[in-house]
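Report on the structure
Take a look at the letters that make up each chain.
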Amino acid sequence: MVKIKDLEEKRCIMAYYKCHSDKNRKNLFSNSSIYNEWWRWWGMDLPKKKSGKPMQIYRNQFVLSAAKQRKGITSEKHKEYTEVLNSITKWINDNYDLSVSRKVNRNRFHDMLVQLREENYAQLIHLLKDNGLADKGYSLHDTSSDNIFDLANYCLICNGDGMTVTNGSYETILEHLSTIAIEE
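Each value, and the rule that gives it
- Residues numbered from 1 in each chain as written.
- Predicted model: local features only at pLDDT ≥ 70, side-chain atom pairs only at ≥ 80, totals over all residues.
- Heavy atoms only, no water.
- Core = buried A, V, L, I, M, F, W, Y, C linked by side-chain atoms within 4.5 Å.
- Buried < 20%, exposed > 50% of the residue type's maximum accessible area, 1.4 Å probe, protein only.
- Helix = DSSP H or I, 4+ residues; strand = E, 2+ residues; numbered from the N terminus.
- Contact = heavy atoms within 4.5 Å.
- Salt bridge = Lys/Arg side-chain N within 4 Å of Asp/Glu carboxyl O.
- Pairing = 2+ DSSP bridges.
- Axes fitted to C-alpha atoms, helices over the stretch in contact; angles between N-to-C directions.
- Phe/Tyr/Trp six-rings, centres within 6.5 Å; stacked < 30°, edge-to-face > 60°.
- Parallel < 35°, antiparallel > 145°, perpendicular 65-115°, else oblique.
- Left-handed = near helix turned anticlockwise from the far one by under 90°.
- Nonpolar A, V, L, I, M, F, W, Y, C, P; charged D, E, K, R; others polar.

Another aspect to go through is the nonpolar core. Of all hydrophobic cores here, the largest spans 30 residues; its most connected members are Ile34, Tyr35, Trp38, Phe62 and Ile92. Of the residues forming this core, the biggest block, six residues, is contributed by helix α5 (residues 76-95). Residue contacts for isoleucine 34: discarding those within four places in its chain leaves Met14, Lys18, Leu28, Phe29, Leu85, Ile88, Thr89 and Ile92. Judged by nonpolar contacts, the second largest core, of 13 residues, contains Leu128, Leu140, Cys158 and Ile173.

Pasting the structure below:
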């Protein structure tokens, strides 16, 4: 099963970014178009060839090669990643309102992204307090850059026996907090 960290936030960022383009909407929100940008920003999320280059996309699907695809030769890994890419593209297309301008859609995606980040931060703070970690010297700070296209970043600090710091995105900090809560 394919697992992409911070998928919700990355989808919102991608949708917001794509709304800045002047390209035709049909080509803008296709698997190929989304994949090209996703690879540039978060290449570690998607498959690579053994050479380290991006996997090939043919007719909006991950393939071993176009020739093999035409012969019907596929792999389960490619199908799984195609399903993930399809779900990302579908989510963007489902949330893009054709009855309004691209600028209005861009503002909607921006608002969705800001709201998601606020909810994620509040959830991390809530988890910190609910597990009693705040009482044990743990604190969380939002250290995100001002660039809206960067993933939100958080800094978890513990002032216990020695100061320890963990930095990361929402899901990274969430996993770390879950691990600490189990250990404590």
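Attention now goes to the pattern of salt bridges. Note that side chains of opposite charge can pair when their charged atoms are close. The tally for this structure, following the rule as stated, stands at seven salt bridges. Close ionic contact of arginine 117 with glutamate 9 constitutes a salt bridge, the shortest N to O distance being 2.7 Å. Linking arginine 117 in helix α6 (residues 102-130) with glutamate 9 in helix α1 (residues 7-18), this pair joins segments that are 108 residues apart in sequence. A residue is classified by how much of its surface remains accessible, and arginine 117, at 16% relative accessible area, is buried.

Across the sheet, three strands lie side by side as β3-β4-β5; this open sheet has antiparallel pairing. Across the chains shown, the open sheet's two edge strands, defined by having one partner strand only, are β3 (138-142) and β5 (164-168). Neighbouring strand axes in the sheet, compared pairwise and without regard to direction, differ in orientation by 20 degrees on average. As judged from the five bridges shared by β3 and strand β4 (residues 154-158), these two strands associate in the antiparallel manner. Residue pairing for β4: tyrosine 138 is matched across the bridge by cysteine 158. Across the sheet, helix α7 (residues 170-183) lies against β3, β4 and β5, angled at about 140 degrees from β5, the strand it touches most.

As a further point, take the packing of aromatic side chains. Counted according to the given criterion, the structure contains twelve aromatic pairs. For the pair tyrosine 121 and tyrosine 154, a centre-to-centre distance of 5.7 Å together with 10 degrees between the ring planes defines the contact as stacked. On the criterion of sequence distance, the pair formed by tyrosine 121 in helix α6 and tyrosine 154 in strand β4 is long-range, its members being 33 residues apart. Three or more aromatic residues joined by ring pairs form one cluster here, namely Tyr16, Tyr17, Trp38, Trp41, Trp42 and Phe149.

Looking at the element boundaries, serine 33 is found in helix α3 (residues 31-42). Those residues within four positions of serine 33 in sequence are excluded, and the remaining contacts are Lys18, Asn27 and Leu28.

This next bit is on the packing of α1 against α6. Two numbers describe how α1 lies on α6: the axes approach to 8 Å, and their chain directions differ by 155 degrees. On the basis of the axis angle, α1 is roughly antiparallel to α6. Where α1 crosses over α6, the handedness of that crossing is left-handed. Between α1, through Glu8, Glu9, Cys12, Ile13, Ala15 and Tyr16, and α6, the contact on the second element is made entirely by Arg106, Phe109, His110, Met112, Leu113, Leu116 and Arg117. Considered class by class, the residues forming the contact of α1 with α6 number eight nonpolar, one polar and four charged.

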